[in-house]
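Understanding the architecture of this molecule
These are the residues of each chain, in order.
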Amino acid sequence: MKTRANIVLVHGAWADGSCWSGTIERLQANGHHVTAPQFPLNALADDVARLRQVLDLQDGPAIVAGHSYGGQVITALGADTPNVAGLVYVAAFGLDQGESLGGLLSQGPVTPALAHLFTDKQGFGWLSEDDFVNHFAGDVDPVRAKVMHAVQQPLAMSTFADVMGVPAWKTLPSWYLVAANDEAIPPDAERRFAGRMRATTIEVPSSHVPMVSRPGDVAQLIETAAEAVLAKS
């Protein structure tokens, strides 16, 4: 690309900013300014505040990409998005107004990646190693997947009760990557999210972590979003 884009990457639960490493390398190689901060995961409001903090540091509007629970964070920006040019959802939750993560997940059977999710005394949820390696990151080399499990950041279970306000995707152009072999969020749910937000959508045969197993596809979708936004500016 001839014009550099600002790109902010939002990790999800049981992950950290390093999960975007392969995608970051590709985006930086093409001249983009990329930021992938760490999110506390202790409250949705705190995660949104961290995202706004990072957006304030950009030198112009940014493409914001969220993975998994990170989709909840970018959606919760609402209509107050003066420094956001577009949204990219990567196997991510894209809730509508009045919905909650808990309400959505209760509509179907527990997915394999979350089958043995356990909550500690402080109210944070963790994934077991077996579920993480075999289902959450099922198409990642097991050695790497075990490292990812070791550095997982737990998610405050209170976030499952947070009710979404006006979603940011109502007013911003959106793109969506459906992970066809996802065992954390059902692929059909991802397709519904993408459909109702009228997102430009691609589908890849990956586990729940395509930014790790297929970083080229994720980087390409983000660049597609950046190109579309820059073409209109």
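It should be noted that the structure appears before, not after, this text.
Read on for a plain summary of the structure. (Residues numbered from 1 in each chain as written. Predicted model: local features only at pLDDT ≥ 70, side-chain atom pairs only at ≥ 80, totals over all residues. Heavy atoms only, no water.)

**Concerning the packing of aromatic side chains**
- Within the structure shown, the criterion is met by four aromatic pairs.
- When the ring of Phe 93 is compared with that of Phe 193, the centres are 6.2 Å apart and the planes differ by 55 degrees; the resulting orientation is tilted. On the criterion of sequence distance, the pair formed by Phe 93 in the loop between β4 (84-90) and α4 (101-105) and Phe 193 in helix α7 (residues 187-196) is long-range, its members being 100 residues apart. The residues Phe 93 and Phe 193 share a single accessibility class, namely buried.
- Joined through ring pairs, the aromatic side chains of Trp 14, Phe 132 and Phe 136 make up one cluster. (Phe/Tyr/Trp six-rings, centres within 6.5 Å; stacked < 30°, edge-to-face > 60°. Helix = DSSP H or I, 4+ residues; strand = E, 2+ residues; numbered from the N terminus. Buried < 20%, exposed > 50% of the residue type's maximum accessible area, 1.4 Å probe, protein only.)

**Observations regarding the pattern of salt bridges**
- This structure, assessed with the given rule, holds seven salt bridges.
- Of the charged contacts, one joins Arg 4 and Asp 59 as a salt bridge, the two residues approaching to 2.6 Å between their closest N and O atoms. Of this pair, Arg 4 sits in the segment before β1 (6-10) while Asp 59 sits in the loop between α2 (44-56) and β3 (62-67); the two residues are 55 residues apart in sequence, bridging distant segments of the chain.
- Among the residues examined, Arg 4 registers a relative accessible area of 42% and is labelled partly exposed.
- A salt bridge links Arg 52 to Asp 80; its shortest N-O distance comes to 3.8 Å. With a gap of 28 residues between them, Arg 52 in helix α2 and Asp 80 in the loop between α3 (69-75) and β4 connect regions that are remote in the sequence. (Salt bridge = Lys/Arg side-chain N within 4 Å of Asp/Glu carboxyl O.)

**Looking at the packing of helix α1 (residues 21-29) against helix α9 (residues 215-232)**
- For the pair α1 and α9, the least separation of the axes is 8 Å and the interaxial angle reads 50 degrees. As the angle between them shows, α1 and α9 are arranged oblique. For α1 against α9, the interelement crossing comes out right-handed. Here Gly 22, Thr 23, Arg 26 and Leu 27 of α1 lie close against α9, whose contacting residues are Pro 215, Gly 216, Val 218, Ala 219, Ile 222 and Glu 223. (Axes fitted to C-alpha atoms, helices over the stretch in contact; angles between N-to-C directions. Parallel < 35°, antiparallel > 145°, perpendicular 65-115°, else oblique. Left-handed = near helix turned anticlockwise from the far one by under 90°. Contact = heavy atoms within 4.5 Å.)

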